[in-house]
Amino acid sequence: MENRWNSGINDRKLKEQICEIGRRVYNKGFAAANDGNISIRVGENEVLCSPTMICKGFMEPDDICAVDLDGNQLAGKRKRTSEILLHLAIMKERPDVKAVVHCHPPHATAFAVTREPIPQCILPEVEVFMGEVPMAPYETPGGLEFAETVVPFLKATNTIILNNHGTVSFGKDLQEAYWKTEILDAYCRILILSKQLGGVTYLNEQKSRELIDLKKKLGFDDPRFHSEDCDLCGNSAFREGYKEDKPVQKAFDTAPSYPGYLQKPAYEQNGQACSTKNNNGQIDTDQLVKMITEQVMAALGK
């Protein structure tokens with residue numbers, strides 16, 4: 001019976017797409033030697049994936065393997081990648097996901113090894129096309145426990161940093177999954193350069209809301225559209241998946257705390273203190289002064 005993707009484990013075009021993404025990953029320096037792995041779902045219970053112990057920049061279509069959703073190899077002259085369980089865990093939890101790319105982009109992986117959370121409310125492209133990037137706790141790669149580290153974060157994102165390891169990104173096709181990785185690494189490089197220049201500048205609440213409005217108009221989903229219990233720039237996705245040792249921002253100033261998308265903006269609320277608290281629940285005096293100044297200037301028409 002033909003499956004809903006009108007494809008199969010013998011689809012050479014899809015195998016060629018995996019090889020092409022592998023070349024891009026390798027040429028960008030996102031995967032050295034045998035690093036990284038790539039997969040695409042081609043049926044109800046069939047997934048094409050890169051093999052183990054092969055450079056992603058030199059794969060040929062005949063190298064590509066096929067597995068079922070439990071990781072059992074169905075086809076291929078080479079052995080499937082040892083980390084396919086990570087890809088399959090994502091596909092099982094997210095039926096909309098058809099493709100997964102895992103690699104070690106250097107700038108994003110620098111955040112992974114320092115366990116530094118990725119700040120939000122800085123770059124428009126990141127807010128609209130990515131959103132929050134959670135960090136999964138470290139586990140030895142290859143096993144089921146490693147695969148399960150990403151599960152608590154899957155509803156909130158399409159890109160996850162794997163602590164002390166690398167990144168995994170996913171989407172409706174291979175190109176989208178790869179693009180997420182490229183956007184993330186470019187953003188992390190900008191953050192690192194900004195830190196060297198003195199720090200980052202966060203967008204104010206109004207501009208941050210405008211970006212989220214734009215994201216909604218463009219038809220992209222975001223967990224901030226559905227939750228009352230979050231703020232525009234906070235690490236809400238970290239609430240699940242970490243019982244202790246939650247990643248704490250150290251390299252950059254703490255992001256400002258703005259009311260969630262479903263809540264009224266701070267400048268429309270009668271009581272301002274609720275939107276001027278830091279991550280410890282204490283009043284952020286600088287943020288309070290900034291907010292009052294912005295309101296006064298707005299009232300004066302400046």
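(A) Structural detail: unusual backbone geometry. Here Met53, not a glycine, exhibits a phi torsion of approximately 55°, which is positive. Here Met53 falls in the exposed class, since its relative accessible area comes to 60%. The backbone phi angle of Cys121 is positive, close to 65°, even though this residue is not glycine. With respect to the helices and strands, Cys121 occurs in the loop between α3 (106–114) and α4 (124–129).

(B) Up close: helix α1 (residues 12–27). In this model α1 runs 22 Å from its N-terminal to its C-terminal C-alpha over 16 residues, within 8% of the 22 Å that 1.5 Å per residue would give. Looking only at α1, the buried set comprises Leu14, Lys15, Ile18, Cys19, Ile21, Gly22 and Val25. Within α1, the buried residues cover an arc of 160° as seen down the axis, which keeps them to one side. Exposed and oriented more than 90 degrees from the buried face of α1 are Lys13 and Asn27. Where α1 is buried, its residues touch β1 (37–41), β2 (47–49), β5 (99–103) and α6 (174–197). For α1, the side-chain oxygen to backbone nitrogen distance between the N-cap and Lys13 is 3.0 Å, and the N-cap itself is Asp11.

(C) Structural view of the state of the cysteines. This structure, assessed with the given rule, holds one disulfide. Between the sulfur atoms of Cys121 and its disulfide partner Cys233 the distance amounts to 1.8 Å. Residues Cys121 and Cys233 share a disulfide whose torsion about the S-S bond is about -95°; that sign makes it left-handed. With a gap of 112 residues between them, Cys121 in the loop between α3 and α4 and Cys233 in the loop between α7 (205–217) and α8 (285–299) connect regions that are remote in the sequence. Residue classification places Cys121 among the buried positions, given a relative accessible area of 1%. Cysteine Cys49 is unpaired, with the sulfur of Cys65 as its nearest cysteine sulfur at 5.0 Å.

Rules and cut-offs
- Residues numbered from 1 in each chain as written.
- Predicted model: local features only at pLDDT ≥ 70, side-chain atom pairs only at ≥ 80, totals over all residues.
- Heavy atoms only, no water.
- Buried < 20%, exposed > 50% of the residue type's maximum accessible area, 1.4 Å probe, protein only.
- Helix = DSSP H or I, 4+ residues; strand = E, 2+ residues; numbered from the N terminus.
- Expected span 1.5 Å × (residues − 1).
- Arc of directions from axis to C-beta.
- Contact = heavy atoms within 4.5 Å.
- Polar contact = N/O pair within 3.5 Å; in protein donor to acceptor, adjacent residues only side chain to side chain.
- Disulfide = S-S within 2.5 Å.

Take it as geometry only, folks, not as evidence of what the structure does.
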